[in-house]
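# Architecture and fold: a report
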Amino acid sequence: ALIGLVAVPAQAETVETRGGIRITSDDGRFKAQLGGRIHLDSNVWVDDDEFGDLETGVFFRRGRITLEGEAYGWRYKFENDFAGQSGDNGSGIREMWIGTTLAGVKLRLGQAKPYRGIEELTSSNDLLFMERPFASGSGIYRQYQTGVFADAAGSNYGWGAAVYNLRNGADSDDDTDGVGATVRGYYLPIMDDDVLLHVGGIASLDNPANGKTVGASVRFAGRRGPSQGLGSTTEDQQSFGVELAGRVGSLSLQSEYHFVTLAQPSGDDTDLSASYVQVSWLLNGEVKPYDVGKGAFKSPKPAGGRGAWELKLRYDLIDVSGRDPEIDVSQLAAGANWYINPNVRFMLEYIQGESDLSDGTGVDGSLIAARAQLSF
Amino acid sequence: ALIGLVAVPAQAETVETRGGIRITSDDGRFKAQLGGRIHLDSNVWVDDDEFGDLETGVFFRRGRITLEGEAYGWRYKFENDFAGQSGDNGSGIREMWIGTTLAGVKLRLGQAKPYRGIEELTSSNDLLFMERPFASGSGIYRQYQTGVFADAAGSNYGWGAAVYNLRNGADSDDDTDGVGATVRGYYLPIMDDDVLLHVGGIASLDNPANGKTVGASVRFAGRRGPSQGLGSTTEDQQSFGVELAGRVGSLSLQSEYHFVTLAQPSGDDTDLSASYVQVSWLLNGEVKPYDVGKGAFKSPKPAGGRGAWELKLRYDLIDVSGRDPEIDVSQLAAGANWYINPNVRFMLEYIQGESDLSDGTGVDGSLIAARAQLSF
Amino acid sequence: ALIGLVAVPAQAETVETRGGIRITSDDGRFKAQLGGRIHLDSNVWVDDDEFGDLETGVFFRRGRITLEGEAYGWRYKFENDFAGQSGDNGSGIREMWIGTTLAGVKLRLGQAKPYRGIEELTSSNDLLFMERPFASGSGIYRQYQTGVFADAAGSNYGWGAAVYNLRNGADSDDDTDGVGATVRGYYLPIMDDDVLLHVGGIASLDNPANGKTVGASVRFAGRRGPSQGLGSTTEDQQSFGVELAGRVGSLSLQSEYHFVTLAQPSGDDTDLSASYVQVSWLLNGEVKPYDVGKGAFKSPKPAGGRGAWELKLRYDLIDVSGRDPEIDVSQLAAGANWYINPNVRFMLEYIQGESDLSDGTGVDGSLIAARAQLSF
């Protein structure tokens, strides 16, 4: 059982093309990989009069170190976001879990993302736009949770299911806030060299305990834009969603629709519906890789020395009914990504965001946002 | 003095069998090892009526990354607990020190654990139960301190001594809170293949400054169970303890008794006495390794492909006199550990805890606790 | 583009002699290096009556892990200080950036130190004294900022320029606090084996936004000594400085003078002038290396088995005019450094510090300070 260190030759069969630091013991039973990601963002406001004259700024959106690997057939992952430490315990833990495979099903115990939608499960390194759309970025799908995660995939389908200790939104304190469960399935009716079509569906139930609430709020017009509360519940939250995504050569499309009910102790339930459609076109003919084990797309690898160029467009909408006032928040974004090499990309986008409440209030504005990203 | 990187062959003479990432320079003068530990716990309450209906929950007990090694004959260690960052400075530092060896004595400057008892010095990866007994887990022995640490060992004995800047309990802020000193010695009268007997003793003095207090409180019935304050002092705290431990084949026993006096400015001093006895039986014939350099036991290595199975039992008691009301806290725990491979184990235990105060108050209850652990 | 791990042979041409963990992919396109530093300090007060009877203490001044390297010609750096995490987001990030080289100019995007003076840019591992002099340690030059950094160097000159999002002193929260810009140039008229002469100059402008302030305060008589506020502004801060440094064999000298104006909305501006001179003599004939790419000195490498010994002396002064009361703070320090090997050094110094206000108040005192340092 003694273990040393050996050099890993470049292996053609590996799916990982980003590099990073990988070490394998000479008996192959212990593996470790050290990775990192830096996302440095900047906002330049074009029209922020109604947002209260926000400041142009530069800030780290993410600064993560990741250590993951295998030990005697068990997998593990540590990931801490040094640019996102918060809460009473100063924790920046993102994923942290122990995993194994039983009867073809990958099991993980610890903290990870529930299977709540194709965009939610896409790595932040591979997102088409700087921020996820409302469906996954609004707090409806509350990011990392602690519990049991199971998934499996065939050559053209996959599923995932998770049961977890519900944390109250972004609050990472010690409290036990109830239980949540999520299931997701996806299928690829077409999957050839030219055309790929992905359809998927998800359902989840979140049940806060101890009089705690779960709820949704949306930040629009970028990460530093205004925030709009959408509703909350001390009862339960039911969510259903469908995914439709695909590509034809260098043209990709991805869309989701989610319907969420926040049960209320009396009166009408609060209903949220969130949807988006986003389109990408890779100018030099690259094709966006699809990871069937995850059921999500990844960033393209540059085909030539000049890097890969991508044009992108998204329309994003969330509306709330069953409460007074009713709320509509929408966002239009367009821009370009430049993938310089497998580790570095730059993103540039123009975003117009708007909130519209049935009592006549609401704000709108626009900005240009940019990101410098290095990840491995 | 230039240094590169070379592969380390598996070495039969190394005592480390957990793997991990080890790197040595080609002249052997620089070494580094990267390790990690994930302890994921769950509590299921069997009887928590008197504890106020606590919630069943899942949480990280520890999530540490460790970097340690050597540089030109000097040793170093960094260890941060990302699941335990707290205090004004958000620090999760556990061990962080610089060390060397002088005349056969290992010296360390920085933060480490004072030599305060066999269970206190056992790695959290190697504990028999999920939580340490009251003697080391009550705040009587205040974990990591910053100062000077010295220890040495022969083939069947060892000692350690430390002087340190006292921190006020778990408070990791910048204040200087006084001085503490601890000494420990141990001897193994019997140490053959079948039978090992360890006897040890410790003494320590903690002297808080600036009107700060040191004190003890105990959390019983698991990490999320109720807490009971035991006393404190602005004067000084004297502690004496004895250790008796050993094994006969696959059967291990460990016991400690500690007597602590919290001096009071007027009236009687507060006296605490803490004791426990714990027994382990490895079903498949494995033997618990003993580390004579540390004077503590380690986890067994699985002998076969099915892993090692261990049954365990502990009775744990702390009582306080010289104050009103007097306090007794006791705990009975039984369970099993499953060591799947050198890096992964699962723990399961039933715990019954009870506090009993001389004014007739007190609470009792019980739970089932489980841990998934990966460490390297 | 697939990448594995290969051993790096010791390379005679590398300038790095500290060791550490370095890994390079077999195609040389991905590189990573893992470093660390532990600075453990102790203060023993000789005369602290006027400081309010401070406590002797032991504390970590720095406890950093660094990951840096290259990816396809782009450079990156992560550095977190686990002993210095603070602020609302619990961040201990020091440097974190993505860099490349364009037309011979090194560009970095992210968080780094503006080019504000030779001592400010000297690595904390290579400082002559435990703390930087007032010119860089007073908050006049506010350490790490987030923005764009550019620098280049020839064989005997160099320059740097930075534009950054101003953070309000040590406050690392999310606010956007304005804009700052700094330029620095240096030239070496003499640069032979025996004699090296460095002259340099800097200018910077800091413009706080949103009614935020920037300002200066100075901590004297060591890191735990008293703090004296020097002034602040909501308008702008202009700074000019000159550097003069050099060595003749084993004798080194370094000096800076900085003049800072804190503009005031009405009345006189507040003027600060800070200067110091420090001298080092390496007893065994070692020569302090100079890094022309950075325009700063580094620690000597021990020539023999007994390590390198260095005697050191500094006089340090800052005075404030244009406000009432006017303020003078001065400090005299003398001591010795022992460089045991390329990774470990010990520092010992006697410091006498004094504040003198024109209203007749002020305090003075003295202490002995020591550091144990391991870095790689």
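What you see is a predicted model; the values in this text were computed from it and never measured. (Residues numbered from 1 in each chain as written. Chains lettered and ligands numbered in written order. Predicted model: local features only at pLDDT ≥ 70, side-chain atom pairs only at ≥ 80, totals over all residues. Heavy atoms only, no water.)

### Things to note about the overall build of chain A
The cut-off we apply is this: Per the convention used, a helix needs a DSSP run of H or I reaching at least four residues, while a strand needs a run of E reaching at least two, with both numbered from the N terminus. With C-alpha atoms as the basis for the radius of gyration, the globule rule is written as 2.2 Å multiplied by the number of residues raised to the power 0.38. Buried, partly exposed and exposed residues are distinguished by accessible area as a fraction of the type maximum, computed with a 1.4 Å probe on protein chains only: under 20%, between the cut-offs, and over 50%, respectively. By definition in these notes, contact holds between two residues if any of their heavy atoms fall within 4.5 Å. Computed with a 1.4 Å probe, the accessible areas rest on the Shrake-Rupley method; for each residue, only the protein chains presented here act as cover. The positive count covers Lys and Arg only, the negative count covers Asp and Glu only, and His and the chain ends enter neither. Taken as the charge centre is NZ of Lys, CZ of Arg, CG of Asp or CD of Glu, depending on the residue.
Across its full length, chain A holds 2 helices and 21 strands. Scaling as 2.2 N^0.38, a compact globule of 376 residues should have a C-alpha radius of gyration of about 21 Å, and chain A matches this with 21 Å. Counting only C-alpha atoms and orienting by the principal axes, one finds that chain A spans roughly 65 × 50 × 45 Å. Scored against the burial criterion, the 376 residues of chain A give a buried share of 57%. Long-range pairs, those at least 24 residues apart, make up 60% of the contacts in chain A between residues at least 6 apart in sequence. About 13,900 Å² of surface is accessible on chain A, with carbon and sulfur atoms providing 53% of the total. Across chain A, 34 positive and 51 negative side-chain charges occur, with their mean positions spaced 9 Å apart.

### Some words on empty space enclosed by the protein
The condition that has to hold: Residues are said to line a cavity or pocket when one of their atoms sits within 4 Å of a point; the points come from a 1 Å grid over protein atoms alone, cavities being sets where a 1.4 Å probe fits but cannot get out and pockets being open sets with protein on both sides within 12 Å along at least five of seven lines. Grid points are joined across faces, edges and corners, and a volume is the space filled by probe spheres set on the points. Residues are grouped as follows: nonpolar covers Ala, Val, Leu, Ile, Met, Phe, Trp, Tyr, Cys and Pro; charged covers Asp, Glu, Lys and Arg; every other residue, Gly included, is treated as polar.
Applying the stated criterion across every chain yields a total of 12 cavities of 30 Å³ or more. Taken as a whole, the largest cavity spans an internal volume of roughly 460 Å³. Every residue lining the largest cavity is counted, 30 residues in all, and those nearest its centre are A:Phe82, B:Ile65, B:Phe82, C:Ile65 and C:Phe82. Its residues placed into classes, the lining of the largest cavity shows 21 nonpolar, 5 polar and 4 charged.

### With respect to the pattern of salt bridges
All names here are of chain A. Applied cut-off: A pairing counts as a salt bridge when a side-chain nitrogen of Lys or Arg comes within 4 Å of a carboxyl oxygen of Asp or Glu.
Summed over all chains, the structure comprises 45 salt bridges over all chains. Across the salt bridge formed by glutamate 243 and arginine 184, the nearest N and O atoms sit 2.8 Å from each other. One end of the pair, glutamate 243, is in strand β13 (residues 237–248); the other, arginine 184, is in strand β9 (residues 178–191), and 59 residues separate them in sequence. Its relative accessible area of 4% is what places glutamate 243 among the buried residues.

### Some details on a negative patch on the surface
Worth spelling out the cut-off: Residues with no salt bridge and a relative accessible area higher than 30% make up the patches, which join like charges within 9 Å and nonpolar side chains (Val, Leu, Ile, Met, Phe, Trp, Tyr) within 5 Å.
Together, A:Asp49, A:Glu50, A:Asp53, A:Glu55, A:Asp324, A:Glu326, A:Asp328, A:Glu354, A:Asp356 and A:Asp359 line one region of the surface with negative charge. Looking at where A:Asp53 falls in the secondary structure, it is placed in the loop between β2 (30–47) and β3 (57–71).

### Focus on the nonpolar core
Put simply, the rule reads: What makes a nonpolar core is a set of buried Ala, Val, Leu, Ile, Met, Phe, Trp, Tyr and Cys residues whose side-chain atoms join them at distances within 4.5 Å.
Within the largest apolar cluster, 74 residues are counted, with the highest numbers of intra-cluster contacts made by A:Ile21, A:Leu67, B:Leu67, C:Ile21 and C:Leu67. When residues no more than four places from it in sequence are discounted, the contact partners of C:Ile21 are B:Ile23, B:Phe30, B:Ala32, B:Leu67, C:Ala32, C:Gln33 and C:Leu34. Grouped together as the second largest cluster of nonpolar side chains are 39 residues, C:Phe51, C:Ile118, C:Phe134 and C:Ile327 included.

### Some points on the environment of B:Ser124
All names here are of chain B. Let me state the cut-off plainly: Polar contacts, as used here, are pairs of N or O atoms within 3.5 Å; protein pairs need one atom able to donate a hydrogen and one able to accept it. Residues neighboring in sequence count only if both atoms are side-chain atoms.
By the secondary structure assignment, serine 124 is in the loop between α1 (118–121) and α2 (134–137). In this structure the C-alpha to C-alpha distance between serine 124 and arginine 62, which are 62 residues apart in sequence, comes to 9.0 Å. Sequence-distant contacts of serine 124, defined by excluding residues within four places in its chain, comprise Arg37, His39, Arg62, Arg64, Arg132, Arg345 and Gln373. Looking at serine 124, its side chain comes within polar contact range of the side chain of arginine 37, at 2.5 Å.

### Concerning the side chain of A:Arg62
Tracing the backbone shows A:Arg62 in strand β3. The buried charged residue A:Arg62 lacks any salt bridge partner; its closest oppositely charged side chain belongs to A:Glu131, at an N-O distance of 5.0 Å. Look past the residues within four positions of A:Arg62 in its chain and what remains in contact with it is A:Arg37, A:Ile38, A:His39, A:Asp81, A:Ala83, A:Ser124, A:Arg132, A:Arg371 and C:Met96.

### Focus on the environment of C:Gly110
With respect to the secondary-structure elements, C:Gly110 resides in strand β6 (residues 105–112). Among the residues examined, C:Gly110 registers a relative accessible area of 0% and is labelled buried. Between the C-alpha atom of C:Gly110 and that of C:Gln373, which follows or precedes it by 263 residues, the distance is 28 Å. Ignoring any residue separated from it by four or fewer positions in sequence, one finds C:Gly110 in contact with A:Leu40, A:Phe60, C:Met96, C:Trp97, C:Gln145, C:Thr146, C:Gly147 and C:Phe149.

### Some points on unusual backbone geometry
Here the residue pair B:Asp324 and B:Pro325 is connected by a cis peptide bond, since its omega of 0° sits within 30 degrees of zero. Mapped onto the fold, B:Pro325 is located in the loop between β18 (308–321) and β19 (327–339). The phi dihedral of A:Ala221 falls on the positive side, at around 60°, and the residue is not glycine. Following the sequence through the fold, A:Ala221 ends up in the loop between β11 (214–219) and β12 (227–233).

### A look at the packing of aromatic side chains
Each aromatic ring pair is characterised by the separation of its centres together with the angle its planes make. Applicable threshold: Between 30 and 60 degrees the pair is tilted, below 30 it is stacked and above 60 it is edge-to-face, where a pair is any two Phe, Tyr or Trp rings, Trp via its six-membered ring, whose centres lie within 6.5 Å.
According to the stated counting rule, one finds 33 aromatic pairs over all chains in the structure shown. Their ring planes at 40° and their centres at 4.8 Å tell us that A:Tyr76 and B:Phe376 sit as a pair that is tilted. With one member in each of two chains, A:Tyr76 in strand β4 (residues 74–81) and B:Phe376 in the segment after β21 (364–375) form a pair that bridges those chains. Residue A:Tyr76 shares its accessibility class with B:Phe376, and that shared class is buried.

### Quick look at a nonpolar patch on the surface
All names here are of chain A. Residues Val248, Leu251, Trp281, Leu283, Trp309, Leu311 and Trp338 make up a contiguous nonpolar surface patch of roughly 650 Å² in combined accessible area. Secondary-structure assignment places leucine 283 in the loop between β15 (270–282) and β16 (290–291). The exposure class of leucine 283 is partly exposed, given its relative accessible area of 40%.

### Points about the confidence of the model for chain A
Residue and element names in this part refer to chain A. For the record, the criterion: For every residue, the predictor reports its confidence as pLDDT, a number between 0 and 100.
Counting all residues, the mean pLDDT for chain A is 89, and 91% of those residues have values of 70 or more. By mean pLDDT, strand β1 (residues 21–24) is the weakest element of chain A at 77, and strand β17 (residues 296–297) is the strongest at 98. Between residues 1–17, whose pLDDT stays under 50, and residues either more than four places distant or in other chains, the model counts 59 contacts. Every residue in residues 169–173 is under pLDDT 50, and counting partners more than four places away or in other chains gives 6 contacts.

### As for the environment of C:Thr66
All names here are of chain C. Within the element layout of this structure, threonine 66 appears in strand β3 (residues 57–71). Residues threonine 66 and tryptophan 45, spaced 21 residues apart in sequence, show a C-alpha to C-alpha distance of 33 Å. Here threonine 66 is in contact with Gln33, Leu34, Gly35, Lys77, Phe78 and Glu79, once residues within four sequence places are set aside. At 2.7 Å, the side chain of threonine 66 forms a polar contact with the side chain of glutamate 79.

### Describing the side chain of B:Ser355
The residue B:Ser355 is located in strand β20 (residues 344–357) in this model. Those residues in contact with B:Ser355 that sit more than four places away from it in its chain are B:Phe220, B:Gln228, B:Asp328, B:Val329, B:Thr361, B:Gly362 and B:Val363.

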